[in-house]
Amino acid sequence: MATPKRRLEEPSEIETKISFVDGLENRLVYRGIDVGSLAEHSNYEEVAYLLLHGSLPSQPQLDEFKRKMAVNRRIPAGVVTLIGSLPHSAAPMDVLRTAVSAMAMFDRKADSRESLVQTAIELIAQAPTIVTTYHHIRNSRLSIEPDPRLGHAANFLFTLKGIEPDEQDARALDVCWVLHADHGLNASTFAARVTASAQSDMYAALTTAIGTLKGTIHGGANQKVMEMLLDIRDLNRVEEYLGNLLKHERKIPGFGHRIYKGEDPRVSYLRRLAETLCEKTRNMHWFELSNKLEETVIREKGLYPNMDFYSAPLYYALGIPVDMFTTMFACSRMAGWTGHIIEQYELNRLIRPLGDYVGSLKREYVPIENRK
């Protein structure tokens, strides 16, 4: 007879007003606004304001929010020293996780909502600086100072490459970050909220989130997509490569979603952006390869691409190193994570998920001398 499941704990439900993933209608909304409208008409700073404050800003509010982000891009000297002491072979996500954790020791603000929002703004602004600082240090170069005249996405590309990006490149990354900014109670957001629900600090919650996002079937999937494309390389190898994955029952990076029943609503925007940027930068081969792989997977498995799939050739066309792809996800998601963390503090309830115990309930203790 099967062992009965025991449900004795009190379950925890999480209420949120930040974002909603509608799997049946294949929709994503931030604070009630369709993500497609934000991708078409908004920018990352405005979306970050929306996620933190609950409504779109007026022009003066947006100007002040942008100013706060621009003046908070530098990271503490002690954190720069820490980054410099790490192995140059370290994974960028590990460095980001470690640096965010260390930054807690440089923050002595009180725990009011106003100070939490200020901390959130600082961390959203500083995450890209951590990433580019490590990139230059590991290549034995001096890091590049942020430029307060530039927008959030444009400044990242500037501090990465040392040249001011053109409007098209900056806008492509900006839209990508808008689309990545939040996505309901996904694994990393849930992890952050669990930590925050225990009344731990924002840095601890974000460290939890970054560690979760690093996983190859969560945020790490975009890096795996590009590695797959580089491995396939030839358009004529797509079917053979896919057949080998299916034969050995391996996951196909960038395909399928736990919630959406059809195409991820963010994919159409990324597909267009990837095509435009790949054509502009003479990387069209990688878009064509992605497109053929998408068609083949849909035909053979009925699986649609998710957000990770077309972000890979897009980041590649922008000249972002492959091992930094997941940090792009993290930099964008800082806005959503911090919004969720603040919301969880306001709920002031410990998250205690319901567990299904499926083990035995009638085992006897055996003295050690009688054990075999």
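Residues numbered from 1 in each chain as written. Predicted model: local features only at pLDDT ≥ 70, side-chain atom pairs only at ≥ 80, totals over all residues. Heavy atoms only, no water.

This part covers the sheet that holds strand β3 (residues 33–34). The strand order across the open sheet built from three strands is β1-β2-β3, with neighbouring strands paired in antiparallel fashion. On the outer flanks of this sheet lie β1 (19–22) and β3, each paired with one strand and no other. Judged from the two bridges that link them, strand β2 (residues 27–30) and β3 form a sheet pairing that is antiparallel. Considered in β3, the bridge of V29 is made with D34. (Pairing = 2+ DSSP bridges. Helix = DSSP H or I, 4+ residues; strand = E, 2+ residues; numbered from the N terminus.)

A separate point is the packing of helix α4 (residues 77–85) against helix α5 (residues 92–103). Packing of α4 against α5 leaves a shortest axis separation of 10 Å and a crossing angle of 150 degrees. Between α4 and α5 lies a crossing whose hand is right-handed. Across the interface between the two elements, V79, L82 and I83 of α4 pack against V95, T98, A99, A102 and M103 of α5. Along the lines of polarity and charge, the residues of the contact of α4 with α5 split into seven nonpolar, one polar and no charged. (Axes fitted to C-alpha atoms, helices over the stretch in contact; angles between N-to-C directions. Left-handed = near helix turned anticlockwise from the far one by under 90°. Contact = heavy atoms within 4.5 Å. Nonpolar A, V, L, I, M, F, W, Y, C, P; charged D, E, K, R; others polar.)

Here we take up the side chain of H136. Along the chain, H136 falls in helix α6 (residues 113–138). Of the residues examined, H136 reaches a relative accessible area of 3% and is grouped as buried. Excluding anything up to four places from it in sequence, H136 contacts R141, L142, S143, I144, T159 and L160. (Buried < 20%, exposed > 50% of the residue type's maximum accessible area, 1.4 Å probe, protein only.)

Bridge analysis of β1 against β2 gives four bridges, and the strand direction is antiparallel. Considered in β2, the bridge of V21 is made with L28. A loop of four residues connects β1 with β2, the two strands running antiparallel in sequence, and N26 in this loop sits at a positive phi of about 55 degrees.

Predicted confidence across the protein gives a mean pLDDT of 94, with 97% of residues reaching 70 or more. In this model, residues 1–9 is a region of pLDDT below 50 whose contacts with residues beyond four sequence positions or in other chains number 17 contacts. (pLDDT = per-residue confidence, 0-100.)

When their charged atoms lie close together, side chains carrying opposite charge are able to pair. In total, this model carries 22 salt bridges according to the counting rule given. A salt bridge links D169 to K280; the shortest N-O distance between them is 2.5 Å. Placement of the pair is D169 in helix α8 (residues 167–180) and K280 in helix α13 (residues 267–280), with a sequence separation of 111 residues. Given a relative accessible area of 32%, K280 falls into the partly exposed group. (Salt bridge = Lys/Arg side-chain N within 4 Å of Asp/Glu carboxyl O.)

Most of helix α15 (residues 307–317) is tucked away: 10 of the 11 residues are buried. Restricting attention to buried positions, one finds in α15 the residues M307, D308, F309, Y310, S311, A312, P313, L314, Y315 and A317. Check the buried side of α15 and you find it contacts α8, α11 (221–232), α13, α14 (284–301) and α16 (325–347). If you check the start of α15, you find a side-chain oxygen 3.1 Å away from the backbone N of D308, and it comes from N306. Positive phi appears at G319, one or two residues downstream of α15, with a value of about 80 degrees. (Polar contact = N/O pair within 3.5 Å; in protein donor to acceptor, adjacent residues only side chain to side chain.)

Within the element layout of this structure, S311 appears in helix α15. We classify S311 as buried; its relative accessible area is 0%. Polar contacts involving the side chain of S311 include one to the main-chain carbonyl oxygen of M307, which spans 3.3 Å. Apart from the residues lying within four places of it in its own chain, the contact partners of S311 are C176, H180, N222 and L270.

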